[in-house]
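# What the coordinates show
The primary structure of each chain is shown beneath.
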Amino acid sequence: MQDSHAWSGRFSEPVSELVKHYTASIGFDYRLAEVDIEGSLAHAAMLNRSGVLSDADLEAIRRGMAEIRDDLRAGKLEWSVDLEDVHMNIERRLTDRIGDAGKRLHTGRSRNDQVATDIRLWLRGEIDATVHLLSELQRSLLDLAETHADTVMPGFTHLQVAQPVTFGHHLLAYVEMLARDAERMQDCRKRVNRLPLGAAALAGTTYPIDRHYTAELLGFDDVCHNSLDAVSDRDFAIEFTAAASLVMLHLSRLSEELILWMSPRVGFIDIADRFCTGSSIMPQKKNPDVPELVRGKSGRVVGHLIALITLMKAQPLAYNKDNQEDKEPLFDTVDTLQTTLRIYADMMRGVTVKPEAMRAAVLQGFATATDLADYLVKKGLPFRDSHEVVALAVRHAERQGVDLADLPLAALQGFSALIAEDVYTVLTPEGSLAQRDHVGGTAPSQVKAQIARHRGRLA
Ligand code: ARG
């Protein structure tokens, strides 16, 4: 037998099969079942406390919902597309079990405030899980950064060798990004964690409800203060997806670097085999599939952000069916983001660094040219003049096919009489690093201090 709709009384014919499937959301919103039950139990407790629902009815609802929850967790709950969405499926299963008490549950609420509540409850939990995963990835990066707090590598601008940095310092840049990402998630959570329930369909309800009590039961920090806004806006979902997009964006940048570094032409790192695949035709290949996929999946999450923004744009107040389309982008954003974070934390533990290759690249790129310029400035030469002197020295070294540090003192003095024997302490990569000894600089001691700061923050 077909399950008839809760609203079928007004209609003279059923919707066509095609329309039924087109409008149903049970195919994806079943994921809200746990929070839907949680929200209903709080709503029922509030109605009972306000004298709208009898003790016996509340008791029956609790018993029925407990059974439904057991069935759900055991994978035994059957979803019916005739019942359109998760809310009506659960309500009908409840009524099947407990009769009229189940039909009284929907007093003083609507699916409009119910679904808005469900999404917020669900998203709140996923934000917490995401923040945890962000911490795990940061820890994994910190471990690698600690091992390589002194490892010299070229720092790049325009992808050209610029100045020496340490590999640890480079990794800490990503820890900073992820730390901001976690802050954004926490901040977004504040606006997610407000209760729409009580807004009913759009205008509030005639029953003597106590929204603050429901909010307290569900762990919301506050209630939404306008019923029209409460049921209709999905800005909190957009905010979350924007924050998620930034995480993916950051990881796409790191992915791009891992791919470059693993390329045999660069050869700075290797990634453990379990994150790579071979080629079906070229036996020699080892491809960095995971970073490449992360780079690709960042587009997918940004796509969801655009979908949600476009969904919301120009929607008149209050609830419109458009909003049903909020779920799939949101669900997939959470799934993609969380799996990516999980796999990334593990992958960073599978990165092997090749310090000799990094050091060789620094020595090939005149990475300490700025250090020579700074050296001359400290001896009294104006910076613009010293820039010119060093440019000439670099041209000379390039012609000779050697690094600045390999030029004999006499040759260097040919460019400026201010140059003395002590110049060699700044011309080596290690000398260059050691001099950048201030907060945020790449000196190994500063890198270690930042690692300690981050560890304290994450503890
Ligand atoms: N399945 C709907 C959604 O996801 C629930 C709210 C439906 N409300 C309505 N008036 N059609 O948004």
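Residues numbered from 1 in each chain as written. Predicted model: local features only at pLDDT ≥ 70, side-chain atom pairs only at ≥ 80, totals over all residues. Heavy atoms only, no water.

## Observations regarding the overall build of the chain
Along the backbone of the chain there are 20 helices and six strands. The C-alpha atoms of the chain give a radius of gyration of 31 Å, which is well past the 23 Å a tight globule of 459 residues would have. Taken along the three principal axes of its C-alpha coordinates, the chain extends 100 × 55 × 40 Å. Taking contacts inside the chain between residues at least 6 apart in sequence as the whole, the part at least 24 apart equals 75%. Summed over its atoms, the accessible surface of the chain is roughly 21600 Å², and 53% of this surface lies on carbon and sulfur atoms. A gap of 1 Å separates the mean positions of the 52 positive and 65 negative side-chain charges of the chain. (Helix = DSSP H or I, 4+ residues; strand = E, 2+ residues; numbered from the N terminus. Rg over C-alpha atoms; globule rule 2.2 N^0.38 Å. Contact = heavy atoms within 4.5 Å. Areas by Shrake-Rupley, 256 points an atom, 1.4 Å probe, with all protein chains shown as cover. Lys, Arg positive; Asp, Glu negative; His and termini not counted. Charge placed at Lys NZ, Arg CZ, Asp CG, Glu CD.)

## What about the UniProt feature "domain: Fumarate lyase N-terminal" (unreviewed entry) in the chain?
Per the UniProt entry, the sites bearing "domain: Fumarate lyase N-terminal" (unreviewed entry) are residues 9-303 in this numbering. Across residues 9-303, helical content stands at 63% and strand content at 7%; the span's end C-alpha atoms are separated by 40 Å. (UniProt positions renumbered as here; feature names shortened; annotations may be inferred.)

## A short note on the site of the ligand
All residues in the neighbourhood of the ligand are listed as Ser25, Asp85, His87, Arg111, Asn112, Val115, Tyr319, Gln324 and Lys327. At a separation of 3.2 Å, a nitrogen atom of the ligand approaches a polar side-chain atom of Ser25. Separating an oxygen atom of the ligand from a side-chain N or O atom of Lys327 is a distance of 2.5 Å. Burial of the ligand by the surrounding chains reaches 86%, relative to a free accessible area of 340 Å². Of the residues that constitute the shell around the ligand, the class distribution is two nonpolar, four polar and three charged. (Near = heavy atom within 4 Å. Polar contact = N/O pair within 3.5 Å; in protein donor to acceptor, adjacent residues only side chain to side chain. Nonpolar A, V, L, I, M, F, W, Y, C, P; charged D, E, K, R; others polar.)

## With respect to the packing of helix α7 (residues 111-147) against helix α20 (residues 444-458)
Running from amino to carboxyl end, α7 crosses α20 at an angle of 155°, the nearest separation of the two axes being 11 Å. Relative to α20, the element α7 lies roughly antiparallel. Of the two possible hands of crossing, α7 and α20 adopt the one that is left-handed. Only Ile451, His454, Arg455, Arg457 and Leu458 of α20 make contact with α7, whose side of the interface consists of Ser135, Gln138, Arg139, Leu142, Asp143, Ala145 and Glu146. Its residues placed into classes, the contact of α7 with α20 shows four nonpolar, three polar and five charged. (Axes fitted to C-alpha atoms, helices over the stretch in contact; angles between N-to-C directions. Parallel < 35°, antiparallel > 145°, perpendicular 65-115°, else oblique. Left-handed = near helix turned anticlockwise from the far one by under 90°.)

## Quick look at the packing of helix α12 (residues 289-312) against helix α13 (residues 327-349)
Each pair of packed helices can be summarised by the angle the axes make with each other and by the distance between the axes. Closest axis-to-axis distance for the α12/α13 pair is 10 Å, and the angle between their directions is 155°. For the element pair α12 / α13, the angle class is roughly antiparallel. Here α12 runs over α13; the crossing is left-handed. Between α12 and α13, the contacting residues are Val290, Pro291, Val294, Lys297, Arg300, Val301, His304, Ala307 and Leu308 on the first element and Pro329, Asp332, Thr333, Thr336, Thr340, Ile343, Tyr344 and Met347 on the second.

## Focus: the environment of Ala200
With respect to the element layout, Ala200 can be found in the loop between β3 (194-195) and α9 (211-218). Look at Ala200 and you get buried, because its relative accessible area is 7%. Sequence separation between Ala200 and Gln114 is 86 residues, and the spatial gap between their C-alpha atoms is 7.8 Å. Once you skip the residues sitting within four places of it in the chain, Ala200 turns out to touch Gly108, Arg109, Ser110, Asn112, Asp113, Thr205 and Val231. (Buried < 20%, exposed > 50% of the residue type's maximum accessible area, 1.4 Å probe, protein only.)

## A look at the packing of aromatic side chains
The description of an aromatic ring pair uses the distance of the two centres, along with the angle that the planes make with each other. Summed over all chains, the structure comprises two aromatic pairs. Aromatic pair Trp122 and Phe331: ring centres 4.8 Å apart, planes at 70°, arrangement edge-to-face. Of this pair, Trp122 sits in helix α7 while Phe331 sits in helix α13, placing them 209 residues apart in sequence. Its relative accessible area of 5% is what places Phe331 among the buried residues. Considering the side-chain rings of Phe167 and Trp261, the 5.4 Å spacing of their centres and the 70° angle between planes classify their relative orientation as edge-to-face. Within this pair, whereas Phe167 is found in helix α8 (residues 167-192), its partner Trp261 is found in helix α11 (residues 235-262), the two being separated by 94 residues in sequence. On the accessibility criterion, Trp261 (4% relative accessible area) is buried. The aromatic ring of Phe11 is capped on one face by Arg10, whose charged end is 5.7 Å from the ring centroid. Note that Arg124 overlies the ring of Phe220, its terminal NZ or CZ placed 5.3 Å from the centroid. (Phe/Tyr/Trp six-rings, centres within 6.5 Å; stacked < 30°, edge-to-face > 60°. Lys NZ or Arg CZ within 6 Å of the ring centre and 35° of its normal.)

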